Amino acid sequence: INDEGDVSALNLGMIAAYYYIQYTTIELIASSVTAKTKTRGIMEILSAASEFSTLPIRYGEEKNLQVMARNLTHKLPDSAQFHDANTKALILLQCHFSRKSLSTDLRADQRMIVGESISLIQAIVDVISSNGWLKPALATMELSQMIVQGLWNKDHVLMQIPHFTKEIIDRCEGYEGDEPIESVFDILTLEDGVRNDLLRLPDEKMADVAVFCNNYPNIDVDFNVQDADDVVAGDPVQMIVTLEREVDEDEMDEDEINQMGLVAAPLFPKEKREGWWIVVGDTKTNSLLSLKRVSLQKIQKVALEFIAPEEAGDYNLTLFCMSDSYLGCDQEYSVPLSVAAAESEDEDDTDEE
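Residues numbered from 1 in each chain as written. Predicted model: local features only at pLDDT ≥ 70, side-chain atom pairs only at ≥ 80, totals over all residues. Heavy atoms only, no water.

## Let's talk about helix H4 (residues 61-69)
Along H4, the residues classified as buried are Glu61, Leu65, Met68 and Ala69. Along the axis of H4, the buried residues cluster in a sector spanning 100°; they form a single face. If you follow the buried residues of H4, they end up packed against helix H5 (85-98) and helix H6 (104-130). (Buried < 20%, exposed > 50% of the residue type's maximum accessible area, 1.4 Å probe, protein only. Helix = DSSP H or I, 4+ residues; strand = E, 2+ residues; numbered from the N terminus. Arc of directions from axis to C-beta. Contact = heavy atoms within 4.5 Å.)

If you want it as structure tokens, here you go:
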């Protein structure tokens, strides 16, 4: 409330309203996240959201959750209680990333958690960015990819492809062709006979592989700092970033063009379209300078604004293009920035004389 009695929304309230998130959740996020929070910490904050506190704990489930907790990738916090719905949410999230088989009831609960997590993740990113922290923001963006694809961020990127197993990936890694097979794009460039020998999948499963690989985003990124030679300490800087999807529209029918940007994610319970976070930051100081989230069909142009550093000198900023849906397709670029000293008030006075 200002002196005139006008009421304006605080930043946290605006974020909560935009994503339809409970105010208790947004307060939890704001009080829990720090400049040093890593992916594991973000996952714990996410699972503690009030939105998951209504998950049922059915008869006998506490014992099941205790057994499941023994084999989790990340140990539960010391404060975890197995009768607590938020502990259950954390266990089921980890099971999602590890692709563990579950009972029908737990699978239904897990689908609810996974489906609700994306708007919560976006809110966490916004809270972190309003604090100007780079590394926890990037960690949260990676968690979004993990949730959509049902994988850990340390898993091989080829595990995103439907029906791929450790055995298939071992064969791909052992392939002795001209180029190593490291990415989804490498699967697309293989000769049919070589691909069939490596994958050894029936036709219907090969069709699923083809759908995923063709949907996997191949994005060209171009950027330009406006008036880069005239950047002055403490002044606004504008950067224009262009994202363009590499596709041959001449070979696509209307339906395929409309489907561009639709995410191939068999383990995600809802239809989803790609989102991209465009971030400018300083990795040396862990500073997030500017962020925008955009959708992308064929081409998207984004204007980012940030304030130049207060001290004159040469800086090496980084532009990040982070997918919210796929592992392994993020891009980052070095952005050199020369900042000139601002004119002091004494100099201005001398000029006026």
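## Focus on the packing of aromatic side chains
Across all of its chains, the model carries 7 aromatic pairs by this definition. On the basis of an interplanar angle of 65° and a centroid distance of 5.0 Å, the ring pair of Phe97 and Trp152 is categorised as edge-to-face. Pair noted here: Phe97 is in helix H5 and Trp152 is in the loop between helix H7 (135-149) and helix H8 (166-174), with a separation of 55 residues, a long-range link. In this pair, the class of Phe97 matches that of Trp152, namely buried. Members of the aromatic cluster, connected to one another through ring pairs, are Phe185, Phe212, Tyr216 and Tyr326. (Phe/Tyr/Trp six-rings, centres within 6.5 Å; stacked < 30°, edge-to-face > 60°.)

## Here's the deal with the environment of Ile128
For Ile128, the location among the structural elements is in helix H6. Residue Ile128 is classed as buried on the basis of its relative accessible area, which comes to 0%. With 117 residues separating them in the primary sequence, Ile128 and Arg245 have C-alpha atoms 28 Å apart. Discounting chain neighbours no more than four positions away, the residues touching Ile128 are Val33, Ile42, Trp133, Pro136, Ala137 and Thr140.

Keep in mind these values describe shape, not function.
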